[in-house]
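What follows is each chain in one-letter form.
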Amino acid sequence: MKNTIRLAFMMVLLFATQLFTAQTANSKKDKYDFVVAKDGSGNFKTIQEVIDAVPFLKTTETKILIKNGTYKEKLEIPENKNKITFIGEDKDSVIITYDDFASKKNSAGENIGTSGSSSFIVTANDFKAKNITFENAAGPVGQAVAVRVDGDRIIFDNCKFMGFQDTLYPRSTTSRQYYKNCYIEGTTDFIFGASTAVFDQCEIFAKPGGAYVTAASTPENREYGFVFLNCKLTTNSENDSYYLGRPWRNFAKTVFVKCEMAGHIKPEGWHNWNKPEAENTTFYAEYLSTGPGGNTASRVSWSHLLTAEQFANDYTIQTIFKDWNPN
């Protein structure tokens, strides 16, 4: 009798364990709408296929797990495919890459241009990416964009952006973008464009062969351009080899707040792109810069040092992004 009871108990326990395991597996599976895996273990083998599968004008989030692998695809999240989220298995092992460059010829024999060189384009709104490397693998061949962003309310979390000149292109004048714990590397103007973009606790790595970290083209009517909060500006380049920025357009706005700067940052800090008139229209500023390149004593006279009041009132996430909270 006791053995029968014991056997029955063991069977119930085994069933409960199996049920819990199945529920846990289903819960993990249900966490994502689609899975992309090069080995065929997911719903799709390529990222293009999963983008095609997302309906236009979908009003709820589509969560997509991208398993480890190098995906050589030239991609765009098109307009009206909003609220797509890419989540990589591992930041260093999920690589979205392509190797176009601005001077490459199209079928008509014309240059594809800087925008056309982009490996990955985000035109839709409310896109998010986490744990992914985005790369332009063309090498030091001039302008070659890894990521171009035109959509609004865009978040990159724990991502890497790899390239040389013009690596990251926050392009649209109406776009708001938030980069948290990201790594961005390049040479000349490797963060450039007209959007309002906040870089929070990011590493900004300047490679040898360049001279300018940023090239904002902020429109006159926009209060904020590029804002770097608690970032580290690192390098393997020579000392005094890089400017913090130069104005692609005359109303460029770029601010570094509590950033640690290595010795590659020039003492003068900023360049006018040989446009003296831009000195009266740009807004280039710093607040509590540190490190060998963070000494502001010799900065150009037309740049600014924020006051504690300006920092507290004007450079919070809420103030910059208004009605959008990316956290």
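Everything that follows concerns the structure shown earlier in this document.
Since this is a predicted model, take the numbers as computed values, not measurements.

> Help me out: how do you make sense of the nonpolar core in this one?
Proteins that are soluble and globular tend to have nonpolar side chains buried together. Phe86, Phe156 and Phe199 are the most contacted members of the largest nonpolar core, which totals 56 residues. Residue contributions to this core peak at three residues, all from helix α2 (residues 47-53). With near-sequence residues (within four places) excluded, phenylalanine 86 lies in contact with Ile47, Ile51, Ile64, Ile66, Ile77, Phe120, Phe127, Lys128, Ala129, Lys130 and Ile132. One finds Tyr178, Ile317, Phe321 and Trp324 within the second-largest nonpolar core, a separate group that totals 16 residues.

> Got a minute to help me understand the sheet that holds strand β2 (residues 62-66) in this structure?
Backbone-to-backbone hydrogen bonds join strands into a sheet, with any given pair of strands oriented parallel or antiparallel. Taken together, 11 strands build an open sheet; the order of strands is β1-β2-β5-β8-β11-β14-β17-β20-β23-β25-β26 and the sheet is parallel. Pairing within the sheet leaves two strands with one partner each, and these edge strands are β1 (34-36) and β26 (304-305). Sheet analysis places strand β14 (residues 176-180) next to strand β17 (residues 196-200), joined by five bridges and oriented parallel. Bridge assignment links tyrosine 178 to a residue of β17, and that residue is valine 198.

> Sorry, what's going on with the environment of isoleucine 66 here?
Positionally, isoleucine 66 belongs in strand β2. For isoleucine 66 and asparagine 239, which are 173 residues apart along the polypeptide, the C-alpha to C-alpha distance reads 39 Å. In this structure isoleucine 66 touches Val36, Ile47, Tyr71, Phe86, Ile87, Gly88, Glu89, Val94 and Ile132, once residues within four positions along its chain are discounted.

> Just checking my understanding: could you explain the side chain of threonine 188 for this structure?
Checked against the element boundaries, threonine 188 lands in the loop between β15 (183-186) and β16 (191-193). Threonine 188 has contacts with Phe164, Gln165, Asp166, Gly209, Gly210, Ala211, Tyr212 and Arg246, leaving out every residue within four places of it along the chain.

> Quick question: what am I supposed to make of unusual backbone geometry here?
Among all residues save glycine, negative phi is the norm, and among peptide bonds the norm is trans. Phi at lysine 83 is positive, roughly 60 degrees, even though this residue is not glycine. Inspection of the secondary structure assignment puts lysine 83 in the loop between β4 (75-77) and β5 (84-88). Since its relative accessible area comes to 34%, lysine 83 is described here as partly exposed. One non-glycine residue, glutamine 201, adopts positive backbone phi at about 60 degrees.

Rules used in this analysis
Residues numbered from 1 in each chain as written. Predicted model: local features only at pLDDT ≥ 70, side-chain atom pairs only at ≥ 80, totals over all residues. Heavy atoms only, no water. Core = buried A, V, L, I, M, F, W, Y, C linked by side-chain atoms within 4.5 Å. Buried < 20%, exposed > 50% of the residue type's maximum accessible area, 1.4 Å probe, protein only. Helix = DSSP H or I, 4+ residues; strand = E, 2+ residues; numbered from the N terminus. Contact = heavy atoms within 4.5 Å. Pairing = 2+ DSSP bridges.

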